[in-house]
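Residue-level structure breakdown
Each chain, written out:
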Amino acid sequence: QVQLVDSGGGLVQAGGSLRLSCEASGRISGTYTIGWFRQAPGKEREFVAAMRWTGGSTYYADYTDSVRGRFTISRDNAKKTAYLQMNGLKPEDTAVYYCAVRERSDLVSYFPGYNYWGQGTQVTVSS
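All of the points below concern the structure found in this document. None of these values were measured; they are calculated from a predicted model. Along each chain, residue indices are assigned from 1 in the same order as the chain's sequence is written. For a predicted model such as this one, the threshold for reporting local features is a pLDDT of at least 70, and the threshold for listing and counting side-chain atom pairs is 80 or more; totals across whole chains, interfaces and linings nevertheless cover every residue. Where side-chain values are given, they derive from all heavy atoms of the structure, hydrogens and water being excluded.

1. Describing the packing of aromatic side chains
Any aromatic ring pair is given by two values, namely how distant the centres are and how the planes are angled relative to each other. Between rings of Phe, Tyr and Trp, where Trp is taken as its six-membered ring, a pair exists when centres lie within 6.5 Å; planes separated by under 30 degrees are stacked, by over 60 edge-to-face, and by other angles tilted. What the rule picks out here adds up to six aromatic pairs. Look at Phe 37 and Trp 117: their rings are 5.1 Å apart centre to centre, the planes differ by 55 degrees, and that puts the pair in the tilted class. In this pair, Phe 37 is assigned in strand β4 (residues 33-39) and Trp 117 in strand β10 (residues 116-117), connecting sequence segments 80 residues apart. Three labels apply to residues, based on accessible area from a 1.4 Å probe with only protein chains included: buried if under 20% of the type maximum, exposed if over 50%, partly exposed otherwise in between. Here Trp 117 falls in the partly exposed class, since its relative accessible area comes to 26%. An aromatic cluster of at least three residues, connected via ring pairs, comprises Phe 37, Phe 47, Tyr 59, Tyr 98, Tyr 114 and Trp 117. By definition, being over a ring means that NZ of Lys or CZ of Arg is both within 6 Å of the ring centre and within 35 degrees of the ring normal. It is Arg 45 that lies over the ring of Tyr 98; its NZ or CZ is 4.0 Å from the centre. Taking the ring centre of Trp 117 as reference, the NZ or CZ of Arg 45 above it sits at 4.8 Å. Working definition: helices are DSSP H or I runs of at least four residues, strands are E runs of at least two. Numbering for both runs from the N terminus.

Structure representation (structure tokens):
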């Protein structure tokens, strides 16, 4: 079993930055994948970024108003913590952000592919 605790959300002005954290406990295998998703009011949960716990390849969402180039996923294995650094925030980034763990090493963007979820942290970007 894996438990995840999200933190770091808050209220920020457009153009500002936030760093989200996802602290994991329990057994984390090097073959696992960590992902970040977000869900805005009235919208479906959408993929943001993913990477393997061992590092290496990263995978970012590629949709209109992409987060690529503004958001960076990383992790600290010693602390069993993953991060999502968000720069250049826009009002459309407002959402609840969730971290998730997939018990496989392939990087996927569909949320049913993830086995464990954090409780979410609210990010609000004002214009």
